[in-house]
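Listed below, chain by chain, are the residues.
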Amino acid sequence: SCPLNNMKSTRIHERLQEAKSESEPLDYDHENQYIGIEWSNKSNKKVNHHIEPHHDIAHSQHHTTLHPPGERLPNNHPLRDHIGKEVTGHVTHTAKDDDIQAARVKLPKGIDQAHNRDHPHITISRGKKIPAQQSNNMLQNTQGERLSRHIPITGRVRVFNTLGK
């Protein structure tokens with residue numbers, strides 16, 4: 001991952017911890033940032049090895065959104081305690097339709113209760129004009145196929161920018 005993004009994520013994490021202890025407004029741009037898990041390169045390789053993409057655009061770098069942009073993150077939100085920490089999850093199911101393919105992720109204890117997503121997942125592949133966010137809609141309609149063996153994955157909870165900065 002980009003060292004600049006890691007530095008920025010670390011600074012944001014430090015600021016979040018300070019805001020938590022000081023009970024002051026959170027230095028988190030909820031309109032242009034979101035919180036998620038960036039899965040490690042080793043985990044990405046494992047997922048890509050076990051799940052074959054079925055669409056034109058295959059995602060090789062995976063993340064799971066925990067708290068979407070556009071929603072405020074209160075100072076006392078339990079997800080704040082996980083920012084910057086390494087976590088382990090498991091890929092349990094795969095699902096696909098004509099437009100998109102995703103894999104369900106079982107989140108680790110603590111985060112499984114703190115996130116506000118109905119279907120934690122990673123997007124595996126999608127059609128050329130299909131936004132990755134459409135995987136949320138697809139997963140509302142199907143559980144998908146259970147993997148014979150869950151794929152353990154590790155990553156770090158961090159703040160992502162929606163503006164590419």
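Refer to the preceding data block for the structure.
So, here is what we can say about the structure in this document. Note that the coordinates shown come from a computational prediction; the quantities given were computed from them, not determined experimentally.

1. Concerning the pairing of strand S4 (residues 86-96)
- In this structure, S4 lies alongside strand S7 (residues 145-161), joined through eight bridges in antiparallel fashion. Bridge pairing links Glu86 to Arg156 in S7.
- Pairing of S4 with strand S5 (residues 100-106), which is carried by six bridges, proceeds in the antiparallel orientation. If you follow Thr94 over to S5, its bridge partner there is Ala103.
- The turn joining S4 and S5, which pair antiparallel and follow one another in sequence, is formed by three residues.

2. Thoughts on the nonpolar core
- Among the nonpolar cores identified, the biggest contains 23 residues, and Ile35, Val47, Leu66, Val91, Ile122 and Val157 are the most heavily contacted of them.
- At the level of elements, strand S1 (33-39), S4, S5, helix H3 (111-114), strand S6 (121-126) and S7 are the ones that each hand at least two residues to this core.
- In terms of residues, this core owes the most to one element, S7, which gives five residues.
- Excluding residues that lie within four positions of it along the chain, Leu66 makes contacts with Ile35, Gly36, Ile37, Leu79, Leu107, Ile111, His115, Asn116, Arg117 and Val157.
- Core analysis: the next-biggest nonpolar cluster, separate from the first, contains six residues, Ala95, Ala102, Met138 and Leu139 among them.

The rules we used
Residues numbered from 1 in each chain as written. Predicted model: local features only at pLDDT ≥ 70, side-chain atom pairs only at ≥ 80, totals over all residues. Heavy atoms only, no water. Pairing = 2+ DSSP bridges. Helix = DSSP H or I, 4+ residues; strand = E, 2+ residues; numbered from the N terminus. Core = buried A, V, L, I, M, F, W, Y, C linked by side-chain atoms within 4.5 Å. Buried < 20%, exposed > 50% of the residue type's maximum accessible area, 1.4 Å probe, protein only. Contact = heavy atoms within 4.5 Å.

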